[in-house]
Amino acid sequence: MGFRIVIMGVAGCGKSTVGTAIAAAEHLPLVEGDDFHSPENRARMAAGIALTDADRAQWLVLLGEQLAAHPRGVVLTCSALKRAYREQLRAAAPGLRFVFLDIPRDEALRRVAGRGAHFFSASLVDSQFATLESPVGEAGVLRVDALETPQRLQQRTSAWLHGNTPA
């Protein structure tokens, strides 16, 4: 059985880039959490309106279904900002692991502002940091520095997944 992993963190931390690298290295499918946002939620975020717990509720259900549908392993990108969101995902996929891409606010803002056509407004970065409940200390969580290269982050994550101490 493969690993079920959520690559998490605020907007701009590199979830898609790092998730792609980990999925390739571990020979697992990649599920982009952003693909499951409703058109209404995408419009809210594009307009600079932060999502509420109610806005995220159905999205999290769909992501839980994706995790459950991949018992042989999957890499999911999802902000998973609150502990309650992570617990909901854990309920859908026992043994779920999280890689927390920890990034400074200024760097996240710079990255999001430079995205161009992405639906997520740079004005929402501060709301993401305000909502974030750090997963550090929770079981099955690896905190990494999002400023490291994607290759290094993949190597550290793979080492952790396979029971080796990340270098």
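See the structure above.
Predicted model only: the values in this text are computed from it and were never measured. (Residues numbered from 1 in each chain as written. Predicted model: local features only at pLDDT ≥ 70, side-chain atom pairs only at ≥ 80, totals over all residues. Heavy atoms only, no water.)

A. Highlighting the packing of aromatic side chains. The final tally for this structure, using the stated rule, is zero aromatic pairs. For Arg97, the ring lying beneath its charged end belongs to Trp160, and the centroid distance is 5.2 Å. (Phe/Tyr/Trp six-rings, centres within 6.5 Å; stacked < 30°, edge-to-face > 60°. Lys NZ or Arg CZ within 6 Å of the ring centre and 35° of its normal.)

B. Expanded view of unusual backbone geometry. Of note, His27 is a non-glycine position whose phi angle comes to about 55 degrees, a positive value. Mapping His27 onto the fold places it in the loop between helix H1 (15–26) and strand E2 (30–32). The backbone of Ala80 shows a phi angle near 45 degrees, a positive value even though the residue is not glycine. One can find Ala80 in the loop between strand E3 (74–77) and helix H4 (83–92). On the basis of relative accessibility, which here comes to 1%, the residue Ala80 falls in the buried class. (Helix = DSSP H or I, 4+ residues; strand = E, 2+ residues; numbered from the N terminus. Buried < 20%, exposed > 50% of the residue type's maximum accessible area, 1.4 Å probe, protein only.)

C. Structural detail: the sheet that holds E3. The parallel open sheet is built from five strands, whose spatial order is E2-E3-E1-E4-E5. Looking at the sheet topology across the chains shown, the edges are occupied by E2 and strand E5 (141–145). In this sheet, neighbouring strand axes are inclined to one another by 20 degrees on average, regardless of whether the strands run parallel or antiparallel. Across three bridges, E2 lies against E3 in parallel orientation. For Val31, the partnering residue across the bridge sits in E3 and is Leu76. Packing of helix H7 (residues 150–161) onto the sheet brings it into contact with strand E1 (4–8), strand E4 (97–102) and E5, and relative to E5 it is tilted by some 160 degrees. (Pairing = 2+ DSSP bridges. Axes fitted to C-alpha atoms, helices over the stretch in contact; angles between N-to-C directions. Contact = heavy atoms within 4.5 Å.)

D. Layout of the packing of H1 against H7. Look at H1 against H7: their axes get within 9 Å of each other, and the N-to-C directions meet at 50 degrees. What the angle tells us is that H1 and H7 run oblique. Between H1 and H7 the crossing geometry is right-handed. On H7, the residues touching Thr17, Val18, Ala21, Ile22, Ala25 and Glu26 of H1 are Pro150, Leu153, Gln154, Thr157, Ser158 and Leu161. (Parallel < 35°, antiparallel > 145°, perpendicular 65-115°, else oblique. Left-handed = near helix turned anticlockwise from the far one by under 90°.)

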